Amino acid sequence: MNIVMLGAPGAGKGTQAERISERCNLLHISTGDILRKAITEKSALGQKAKMFMDKGELVPDEVVISIIEERMSDADFRKGFILDGFPRTVAQANALKEMLGKLGRKIDAVFNVDVDDQELIKRLARRRTCNKCGKNYHLDFDPPRKEGICDVCGEKIMQREDDKEDTVRTRLAVYKRQTAPLIEYYNQEGLLHTIDGKRSIEEVFAQIKDILEVPCE
Ligand code: AMP
């Protein structure tokens, strides 16, 4: 099964993608995590992406499309995947369709995790992220077991630069202008499932699990 997660920044698509990947045995591909890792490693990809990400803007289509193209050669890709943060533009969605078509694959379901702006801004202010492994926490609803430390890899968790309020406003505007049109795009394709993202993490996962056609724990 091949899944796309849509949703504004802070809607919880990353958290759900991680959960679906672990419990339903699908490959999780987060373009945001891949780009942040590239920035930490100071690679050529990181250098290309940093300026856009710091401003809360989208990295150019050709850069992210080539990341996905590369992941498609991963052996794990065959077992089914969940895309988190990609596609974010109609051009990316078209490129995805074409790349999958060449492999005889297709998207089976698109989940739009729906949360209002006020709640998104509130959530992002309380979100903390591990720079090393990319795991997200919410200081109130999903805190790490030990204060300030990532449960998975023991690194310090921090607020992402682009989760600070000014950049969040830009990211929301970018989402509305460039990514929200994908809701209608996938609706037209008959793939869209809109999920109420304001519920608890478990309740949101339960809504998704009901729709998935793969065995999940
Ligand atoms: P995320 O972790 O998904 O919120 O992504 C963080 C940032 O990475 C975004 O604000 C963009 O600057 C960049 N980014 C991630 N995925 C994409 C994408 N598919 N297209 C363009 N930029 C992206």
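Above this note sits the structure.
Residues numbered from 1 in each chain as written. Predicted model: local features only at pLDDT ≥ 70, side-chain atom pairs only at ≥ 80, totals over all residues. Heavy atoms only, no water.

Explain unusual backbone geometry to me, and be specific about the residues and the numbers.
A negative phi angle characterises most non-glycine residues, just as the trans form characterises most peptide bonds. For the peptide bond that leads from Phe-86 to Pro-87, omega is 0°, which places it in the cis range. Among the secondary structure elements, Pro-87 is positioned in the loop between β3 (81-84) and α5 (90-102). Its identity is not glycine, yet Asn-25 carries a phi of approximately 55°, on the positive side. Its place among the elements puts Asn-25 in the loop between α1 (13-24) and β2 (27-30). (Helix = DSSP H or I, 4+ residues; strand = E, 2+ residues; numbered from the N terminus.)

Quick one: what's the story with the packing of helix α4 (residues 61-71) against α5, residue by residue and with numbers?
When two helices pack together, their arrangement is given by the angle between their axes and by how far apart the axes lie. Taken N-terminus to C-terminus, the directions of α4 and α5 make an angle of 30°; their axes are 10 Å apart at the nearest point. The angle between α4 and α5 places the two elements in the roughly parallel class. Taken as a pair, α4 and α5 cross one another with a handedness that is right-handed. From α4, Asp-61, Val-64, Ile-65, Ile-68 and Glu-69 reach across to α5, where they touch Ala-91, Gln-92, Ala-95, Leu-96 and Met-99. Of the residues that constitute the contact of α4 with α5, the class distribution is 7 nonpolar, 1 polar and 2 charged. (Axes fitted to C-alpha atoms, helices over the stretch in contact; angles between N-to-C directions. Parallel < 35°, antiparallel > 145°, perpendicular 65-115°, else oblique. Left-handed = near helix turned anticlockwise from the far one by under 90°. Contact = heavy atoms within 4.5 Å. Nonpolar A, V, L, I, M, F, W, Y, C, P; charged D, E, K, R; others polar.)

Explain the site of the ligand to me, using residue names and the numbers behind them.
Around the ligand, the surrounding shell holds 16 residues, and the nearest of these are Thr-31, Arg-36, Glu-57, Gly-85 and Gln-92. Residue Val-59 places a main-chain N or O atom 3.0 Å away from a nitrogen atom belonging to the ligand. Arg-88 places a side-chain nitrogen or oxygen 3.0 Å from a nitrogen atom of the ligand. In the complex, 96% of the free accessible area of the ligand, which totals 480 Å², lies under the protein chains. It is helix α2 (residues 31-40) that contributes the most residues to the shell around the ligand, 4 residues altogether. Residues that form the shell around the ligand fall into these classes: 6 nonpolar, 4 polar and 6 charged. (Near = heavy atom within 4 Å. Polar contact = N/O pair within 3.5 Å; in protein donor to acceptor, adjacent residues only side chain to side chain. Areas by Shrake-Rupley, 256 points an atom, 1.4 Å probe, with all protein chains shown as cover.)

Break down the sheet that holds strand β7 (residues 157-158) for me, citing the residues and quoting the values.
The strands making up a sheet associate through backbone hydrogen bonding, with each pair oriented either parallel or antiparallel. Here we have 3 strands laid out as an open sheet, ordered β6-β5-β7, and antiparallel in their pairing. The sheet is open, and its two borders are formed by β6 (136-138) and β7, each paired with just one other strand. Relative to β7, strand β5 (residues 127-130) runs antiparallel, the two sharing 2 bridges. Of the residues in β7, the one forming a bridge with Thr-129 is Met-158. (Pairing = 2+ DSSP bridges.)

Can you lay out the environment of Val-90 for me, pointing to particular residues and giving the numbers?
Tracing the sequence through the fold places Val-90 in helix α5. Between the C-alpha atom of Val-90 and that of Pro-181, which follows or precedes it by 91 residues, the distance is 7.4 Å.

Give me the lowdown on the packing of aromatic side chains, citing residues and values where you can.
For the structure on display, the rule yields 2 aromatic pairs. Aromatic side chains Phe-77 and Phe-81 sit 4.5 Å apart centroid to centroid with 10° between the ring planes, which places their arrangement in the stacked category. Across the pair, exposure class does not vary: Phe-77 and Phe-81 are buried alike. Here Tyr-185 and Tyr-186 contribute two aromatic rings whose centre-to-centre distance is 4.9 Å and whose plane-to-plane angle is 75°, an arrangement assigned as edge-to-face. Each member of the pair Tyr-185 and Tyr-186 is classed as buried. (Phe/Tyr/Trp six-rings, centres within 6.5 Å; stacked < 30°, edge-to-face > 60°. Buried < 20%, exposed > 50% of the residue type's maximum accessible area, 1.4 Å probe, protein only.)

Before we move on, can you summarise the environment of Ile-34 with the specific residues and values?
Secondary-structure assignment places Ile-34 in helix α2. Residues Ile-34 and Gly-190 lie 156 residues apart in sequence; the distance between their C-alpha atoms is 29 Å. Among all residues touching Ile-34, those that are not within four sequence positions of it are Ile-29, Leu-45, Ile-67 and Arg-71.

Before we move on, could you go through α1 and cite the residues and values that matter?
For α1, spanning 12 residues, the distance from its first C-alpha to its last is 15 Å, which sits close to the expected 16 Å at 1.5 Å a residue. On the buried face of α1, the contacting elements are β1 (3-7), β2, β3, β4 (109-114) and α9 (201-211). Once α1 ends, the next one or two residues include Asn-25, with phi positive near 55°. (Expected span 1.5 Å × (residues − 1).)

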